[in-house]
Amino acid sequence: MDTSKIVGEKIKALREDKTITIEELAQRSGLAIEQIERIENNIDIPSLAPLIKIARVLGVRLGTFLDDQDEVGPVVCRKKEAKDAISFSNNAIHSRKHMEYHSLSKSKADRHMEPFIIDVMPTEDTDFVLSSHEGEEFIMVMEGIMEISYGKNTYLLEEGDSIYYDSIVPHHVHAYEGQAAKILAVIYTPI
């Protein structure tokens, strides 16, 4: 199943259900009308920052774009269930697909955190654009080496290292020297 198409379709359905025009969504999220149209039509694979801005305007969790489950109790995610992935871009200028996100909580309703195992694909891109959004992020490197650009600083994280930061500060997460890596990421975004 191509889960990258689900995101655009869900955004469009939620926007229409709330009778919000593309123009209103663009104005309230600070995104360009063309960018929202490209996301809704599955032409562009968005990065997390615009998705978080869209989620806030629509009054939904980020995870709403990834799931439609409604379990209110504890949710266990077995290893085989974390195989399904959704891809997002990484804000590299030329990249359309850089990271595959495996949700660890897609059936948990009313959650405030979004935990993912993220497979970071090898890339030759070096032209990254820092972005920001409300909330916090926690990243732990499981395999490889990650480079975190955070404000004016750059951090190299090796296997077992972690970082926790306020995501309102412009940042970018990518594998060091374009090598493949795997991370555990927990993203908190207030609604």
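Owing to the predicted nature of the structure, the values given are computational and were not obtained by experimental measurement.

**Q** How should a negative patch on the surface be read in this particular structure?
**A** Judged by side-chain charge, E23, E24, E34 and E37 come together as a negatively charged surface patch. Put simply, the parts of the chain that give the negative patch at least two residues each are α2 (22-29) and α3 (33-40). Counting through the fold element by element, E24 comes out in helix α2.

**Q** I tried to follow the environment of N153 on my own but got confused; where do I start?
**A** Mapped onto the fold, N153 is located in strand β6 (residues 153-157). With relative accessibility at 41%, the residue N153 sits in the partly exposed group.

**Q** So what exactly am I meant to see when it comes to the packing of aromatic side chains here?
**A** Two numbers describe a pair of aromatic rings. These are the distance of the centres and the angle of the planes. Within this structure, the stated rule accounts for two aromatic pairs. Taken together, a centroid distance of 5.2 Å and an interplanar angle of 55° make the contact between Y150 and Y165 tilted. With Y150 in strand β5 (residues 146-150) and Y165 in strand β7 (residues 162-166), this pair connects stretches of sequence that are 15 residues apart. Considered together, Y150 and Y165 belong to a single accessibility category, that of buried residues.

**Q** Explanation requested: the packing of α2 against α3 in the structure shown.
**A** Geometrically, a packed helix pair is captured by the angle between its two axes and the distance between the axes. The interhelical angle for the contact between α2 and α3, taken along N-to-C directions, is 115°, at an axis separation of 9 Å. Our pair here, α2 against α3, has a crossing hand that is right-handed. In this structure, α2 uses I22, E23, L25, A26 and S29 to contact α3, whose residues at the interface are I33, I36, E37 and E40. Broken down by class, the residue content of the contact of α2 with α3 amounts to five nonpolar, one polar and three charged.

Rules used in this analysis
Residues numbered from 1 in each chain as written. Predicted model: local features only at pLDDT ≥ 70, side-chain atom pairs only at ≥ 80, totals over all residues. Heavy atoms only, no water. Patch = residues over 30% accessible without salt bridge, like charges linked within 9 Å, V, L, I, M, F, W, Y side chains within 5 Å. Areas by Shrake-Rupley, 256 points an atom, 1.4 Å probe, with all protein chains shown as cover. Salt bridge = Lys/Arg side-chain N within 4 Å of Asp/Glu carboxyl O. Lys, Arg positive; Asp, Glu negative; His and termini not counted. Charge placed at Lys NZ, Arg CZ, Asp CG, Glu CD. Helix = DSSP H or I, 4+ residues; strand = E, 2+ residues; numbered from the N terminus. Buried < 20%, exposed > 50% of the residue type's maximum accessible area, 1.4 Å probe, protein only. Phe/Tyr/Trp six-rings, centres within 6.5 Å; stacked < 30°, edge-to-face > 60°. Axes fitted to C-alpha atoms, helices over the stretch in contact; angles between N-to-C directions. Left-handed = near helix turned anticlockwise from the far one by under 90°. Contact = heavy atoms within 4.5 Å. Nonpolar A, V, L, I, M, F, W, Y, C, P; charged D, E, K, R; others polar.

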